[in-house]
Amino acid sequence: CESPSNIALIKYWGKYEPQLPINPSISFTLSNCRTKTSIDYSPRLKAQGKFVFLYDGKTKKSFENKIKEFLDRISSFCPYLENLFLKINSKNTFPHSSGIASSASAFSSLAFCIVSIEKSYNERMTEQIFFNKVSFIARLGSGSASRSISGPSMIWGENEFHSGCSNFFAINYNKQLHKSFKNYQNTILIIDNKIKKLSSSLGHKKMTNHPFLNDRKNQAKKNLKIILNAFSIGDLEAFIKVVEQEAMTLHALMMSSDPPTVLIKSKTLQVIELLKKFREKEKVPVCFTLDAGPNVHILYPEKYKLQVIKFIKEKLVYYCQNELFIEDMVGLGTKLLDSN
Ligand code: PMV
C-alpha cells in the first residue's frame, strides 16, 4: 500500500502512555510525499525471527529496532502476527536526504498493510472499523502517523468542537471544506537536510514537566475551534493567523523547555520574514508552518500557485540546501496498490 505524510496545522506536541496526545491536533494530509510498503507473509517456522525489513530492496539495520519495538507494541491488538513471518519492503517517494520526517508515512503504510492481513480473514470488519484500526495501529508507531489515513484533513484527539474524535485514533474531518481550501498547496523548503538533533519522542517527553503545559493545552483547543470555523466559512485570514501561531508556539515550547532546544536555523527566520513581506505586498494569502525541524512548509490556495512558485524560485530558493524544495498538496490518504 502507499501512504502519504501529513502536515499538522494544530500541532501534537506532548504525550502520555500509551502514545496518547496531551492536546487535539489537526492536519492536512499530503499527496506527493509518500511511503510505499509491501508485506509478504507466510506461516512462521520455529527457528525463524518475526520479520525482515528491506528499504528499497536492501536490508536497513538502523530501522530494524524501530520496527521490532512497533511490532511488540501492537502484538496484543494484532495477535495473528505471532504466527506469521513478515517480509517488509518499504520505499519513500521523496528524497531520502531531504530532512523530511518519514515516520508518519512509514508507520501509516505499515499499519495499513498489517490490518489488511486481518481484514482479508475477517469478513465482519467494516470499512469504518478497518480505517479506525489502521489509524489506531499507526498511532502506536508514531502519533502523527494516525493522521495520514484519509484526507484532505484529519483530527486526532478528544475535543468538544468536532464529534466522534478520539485520543486513540484520528478521524476524517467529516464536514465540507470551504472551496478556498480545495487543492490547498504545500511547498516544502528544505533549509537543512541533516537528521534532526532531537527525536520527536524526546521532544514530546520534554512537555511532561513544561512550565507552560496547561496554557499550551488551552491554546491548542482554542486554536482548533478557530481552524474548524475557518475551514467551514473559508476564513483564510483566521487560518493564516492560527497556523503561524501554532508553528511558532511549537518552537517556543522547545526553546523554553529544560534544557532549551533550538531546531530552527537563521535561514528559517529569514525565509519567514521574506514570506510575510511578500504576503503583505502582493496580497497573496500564503502562510508558513514548521515541523520539529528547520524546514519551512508554505501553504496557499491553488489559484496562487504560479505566483508563489515564481516568488520561491526568485527569492527563497537561495536559502534552501542544494536549492531543494518539494511541491506537494493536500491528498486523500492511504491506499492499497495493485499487488501485481
Ligand atoms: O509523530 P511524532 O511523534 O513524530 O510527532 C510529530 C510532532 C510534530 O510533527 C512536530 C507535530 C505534528 O502534529 O505532526
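See the structure shown above.
Reference entry: report on the structure contained in this document.

Analysis parameters
Residues numbered from 1 in each chain as written. Predicted model: local features only at pLDDT ≥ 70, side-chain atom pairs only at ≥ 80, totals over all residues. Heavy atoms only, no water. Helix = DSSP H or I, 4+ residues; strand = E, 2+ residues; numbered from the N terminus. Expected span 1.5 Å × (residues − 1). Buried < 20%, exposed > 50% of the residue type's maximum accessible area, 1.4 Å probe, protein only. Contact = heavy atoms within 4.5 Å. Disulfide = S-S within 2.5 Å. Axes fitted to C-alpha atoms, helices over the stretch in contact; angles between N-to-C directions. Parallel < 35°, antiparallel > 145°, perpendicular 65-115°, else oblique. Left-handed = near helix turned anticlockwise from the far one by under 90°. Pairing = 2+ DSSP bridges. Phe/Tyr/Trp six-rings, centres within 6.5 Å; stacked < 30°, edge-to-face > 60°. Lys NZ or Arg CZ within 6 Å of the ring centre and 35° of its normal.

**Quick word on helix 5 (residues 213-233)**
Along its 21 residues, helix 5 runs 31 Å from first to last C-alpha, staying within 8% of the 30 Å computed at 1.5 Å per residue. Along helix 5, the positions that sit buried rather than exposed are Leu-213, Arg-216, Gln-219, Ala-220, Asn-223, Leu-224, Ile-227, Leu-228, Ala-230 and Phe-231. Looking at the buried residues of helix 5, the elements they touch are strand 1 (2-10), strand 4 (25-43), strand 8 (153-156) and helix 6 (236-255). Looking one or two places after helix 5, you find Gly-234, whose phi comes out positive at around 75°.

**Points about the state of the cysteines**
One pass over the structure, following the stated rule, counts zero disulfides. Cys-113 supplies the cysteine sulfur nearest to Cys-78, a cysteine that is in no disulfide, at a spacing of 12 Å. With a relative accessible area of 9%, Cys-113 lands in the buried category.

**Topic: the packing of helix 1 (residues 61-74) against helix 2 (residues 103-121)**
Packing of helix 1 against helix 2 leaves a shortest axis separation of 13 Å and a crossing angle of 45°. Judged by the angle between their axes, helix 1 and helix 2 are oblique. By crossing handedness, the relation of helix 1 to helix 2 is classed as right-handed. Residues Ile-67, Phe-70, Leu-71 and Ile-74 of helix 1 lie in contact with helix 2, whose contacting residues are Phe-107, Leu-110 and Ile-114.

**Here we look at the sheet that holds strand 10 (residues 185-189)**
Reading across from one edge, 11-12-10-13 is the order of the four strands in this open sheet, with antiparallel pairing throughout. At either end of the open sheet lies a strand with only one pairing partner, and these are strand 11 (287-290) and strand 13 (325-329). Across the sheet, the mean angle from the axis of one strand to that of its neighbour is 25°, orientation sign disregarded. Inspection of the sheet shows strand 10 paired to strand 12 (residues 296-300) by five bridges, in the antiparallel sense. Note on strand 12: the bridge partner recorded for Asn-186 is Leu-299. Against the sheet, helix 6 engages strand 11 and strand 12, with an angle of about 30° to strand 11. Helix 7 (residues 266-282) rests against strand 10, strand 11 and strand 12 of the sheet, and its axis sits at about 160° to strand 11.

**A word on the packing of aromatic side chains**
Applying the stated criterion to the full structure yields 20 aromatic pairs. Pairing Phe-130 with Phe-131 gives two aromatic rings, centres 5.3 Å apart and planes at 75°, and the pair type is edge-to-face. Under the relative-accessibility criterion, Phe-131 is labelled partly exposed at 27%. Aromatic pair Tyr-173 and Phe-231: ring centres 5.2 Å apart, planes at 70°, arrangement edge-to-face. Of the two residues, Tyr-173 is situated in the loop between strand 9 (170-172) and strand 10 and Phe-231 in helix 5; the sequence distance between them amounts to 58 residues. The class for Phe-231 is buried, based on a relative accessible area of 0%. By way of ring pairs, the aromatic residues Phe-28, Tyr-173, Phe-181, Tyr-184, Phe-231 and Phe-239 are connected into one cluster. Lying across the ring of Phe-63, Lys-60 places its NZ or CZ 5.6 Å from the centre.

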